[in-house]
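Descriptive structure summary
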There are 2 protein chains.
Amino acid sequence: MDMHSPHISTSFDNELRQARSMVMSMGGLVEQQIDNAMRALFEHNTDLGQAAASGDYKVNEYEVRIDELVIETIARRQPNANDLRFLFTIIKIITDLERIGDKAEKIGRLSVTLAPMIESHEFVGDMRLMGEMVQRMLHESLDAFARLDAEAAMRISGEDDEVNALYSTILGKIMAHMSSNPNTLDVSMDIIWCLRAFERIGDHVTNICEYVVFLVKGKDVRHLTREDMLLEVTSRN
Amino acid sequence: MDMHSPHISTSFDNELRQARSMVMSMGGLVEQQIDNAMRALFEHNTDLGQAAASGDYKVNEYEVRIDELVIETIARRQPNANDLRFLFTIIKIITDLERIGDKAEKIGRLSVTLAPMIESHEFVGDMRLMGEMVQRMLHESLDAFARLDAEAAMRISGEDDEVNALYSTILGKIMAHMSSNPNTLDVSMDIIWCLRAFERIGDHVTNICEYVVFLVKGKDVRHLTREDMLLEVTSRN
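These notes cover the structure that comes with them. (Residues numbered from 1 in each chain as written. Chains lettered and ligands numbered in written order. Predicted model: local features only at pLDDT ≥ 70, side-chain atom pairs only at ≥ 80, totals over all residues. Heavy atoms only, no water.)

**Quick look at the pattern of salt bridges**
Between side chains of opposite charge, a pair can form as their charged atoms come close. Residues and elements named next belong to chain A. Throughout the structure, instances matching the rule amount to 38 salt bridges over all chains. Between glutamate 140 and arginine 136 there is a salt bridge, with its nearest N and O atoms 3.9 Å apart. With glutamate 140 and arginine 136 both in helix 5 (residues 124–147), this residue pair falls four residues apart, about one helical turn. You can call glutamate 140 partly exposed: its relative accessible area is 22%. (Salt bridge = Lys/Arg side-chain N within 4 Å of Asp/Glu carboxyl O. Helix = DSSP H or I, 4+ residues; strand = E, 2+ residues; numbered from the N terminus. Buried < 20%, exposed > 50% of the residue type's maximum accessible area, 1.4 Å probe, protein only.)

**Some points on the relation of the copies chain B and chain A**
Each copy superposes on the other: chain B lies on chain A with an RMSD of 0.0 Å after a rotation of 180° and an axial shift of 0.0 Å. In short, the pair behaves as if placed about a two-fold rotation axis. Same-surface contact between copies: 100% of interface residues of chain B are shared with the interface of chain A. (Least-squares fit on C-alpha atoms with pLDDT ≥ 70 in both. Contact = heavy atoms within 4.5 Å.)

**Considerations on the interface of chain B and chain A**
Interfaces are often sized by the accessible area lost when the parts come together. Listed by partner, the interface residues are 38 residues for chain B and 38 residues for chain A. Taking both partners together, chain B and chain A bury about 3,400 Å²; carbon and sulfur atoms supply 64% of that area. Seen at the junction of chain B and chain A, the total is six salt bridges. Close ionic contact of glutamate 63 of chain A with lysine 92 of chain B constitutes a salt bridge, the shortest N to O distance being 3.8 Å. Going through the elements one at a time, helix 3 (56–77), helix 4 (81–118), helix 6 (150–180) and helix 7 (185–217) of chain B are the ones with two or more residues in the side of chain B that touches chain A. Looking at the side of chain B that touches chain A residue by residue, the classes come out as 18 nonpolar, seven polar and 13 charged. (Buried area = accessible area lost by both parts, 1.4 Å probe. Nonpolar A, V, L, I, M, F, W, Y, C, P; charged D, E, K, R; others polar.)

**Regarding helix 5 (residues 124–147) of chain B**
Residue and element names in this part refer to chain B. If you check helix 5, its first and last C-alpha atoms are 35 Å apart, about what 24 residues at 1.5 Å a residue would give, namely 34 Å. Among the residues making up helix 5, those that are buried are Met127, Met130, Gly131, Met133, Val134, Gln135, Met137, Leu138, Ser141, Leu142, Ala144 and Phe145. Those residues of helix 5 hidden inside the fold are in contact with helix 1 (10–42), helix 4, helix 6 and helix 7. In the stretch just after helix 5, leucine 148 is the one whose phi turns positive, near 50°. (Expected span 1.5 Å × (residues − 1).)

And the structure:
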């Protein structure tokens, strides 16, 4: 870890590296799960929908194992403040990753009945756009974590405003659609649950980005306004 | 902390006590926020709705302060495995408490326009019942944390099944209502968002209960089936 002062014990560095690489593996699994869910939903691939829905246990296992590793490492190594912040950040990040996995699971489950209904649906393009946005944001946030890049993390969390705006726009449209098509309310509601899951993934990615900023800058930017947050990140402390 | 071996330093015990008492204060605030949101929604009290919506920053502040306290305590005191597990649990629990606060904020915001529309609505009784259920569950889960009562935590998390069943039933009813009343879709959707917020509060309370079991039993029961979980809690290890 280049940001940390050198340790007497190299095997401690190995443990930190191991913890980080497990977070990246868990992130990769969650990305795969979202990818499966997206392809199930938009390419009508039922097998992948079931894979997204049933593969969540692997993500959950990762969360439990990483938590264990972190607790053990702290107990055994009595890390300094910097390393402790790194381990703390990991614990927080994987909580959000696990919940992103839950959303992918949900989309996977919904896709099984929803995919054939939306193939030519007027909202399918907007939905896909939103899904691809949060998918890219997740990938970039994991990258920002791996590279300890606070500026990138800030930029990505800013993109969540676009996701939220898109969500509101599509939600408005689909509600208008619902009032003129009350006979297909079930499909419309399932579309809303998918949109909502994408929107929540964006929120969790934002949380991950805030933890990356905290890790790099040593300052807690959660719950700050965006202006104050930018100030923290750009200040040379 | 009666569950821990005696410490050489009494002031460390004081720090653990302080951390626990801050979690309880944060929990109390979140309970107050839900209570405000409930009264705003069902007793048509706009002021309390705004209080629930705007009071969330206090809850957020608590989260940040407790996280800081925990990191500082670990860095300074190099706690043993038991105390570390306690501090780890706190970090996880307050993440869920903060998100319960978010849901209360959302209900508070929705209540401002929704309360006058649902006064005599056919779903108001069911909604209130569901709200009261998760409200009681939250209170009892905080109690289980304070008393380190794994059995109570298990029982409370089991009640979430009832919350989920109630949620599905009401959701089914309101969707039937929507198809015959497409002119009041906005109100129906806001009711669904409230129900969904209550349902999510139940999920977060379940998470809190699982952390309490982990704290007391030293075993991770997240993502276990309920049968396996019961086995873990009742086993004398």
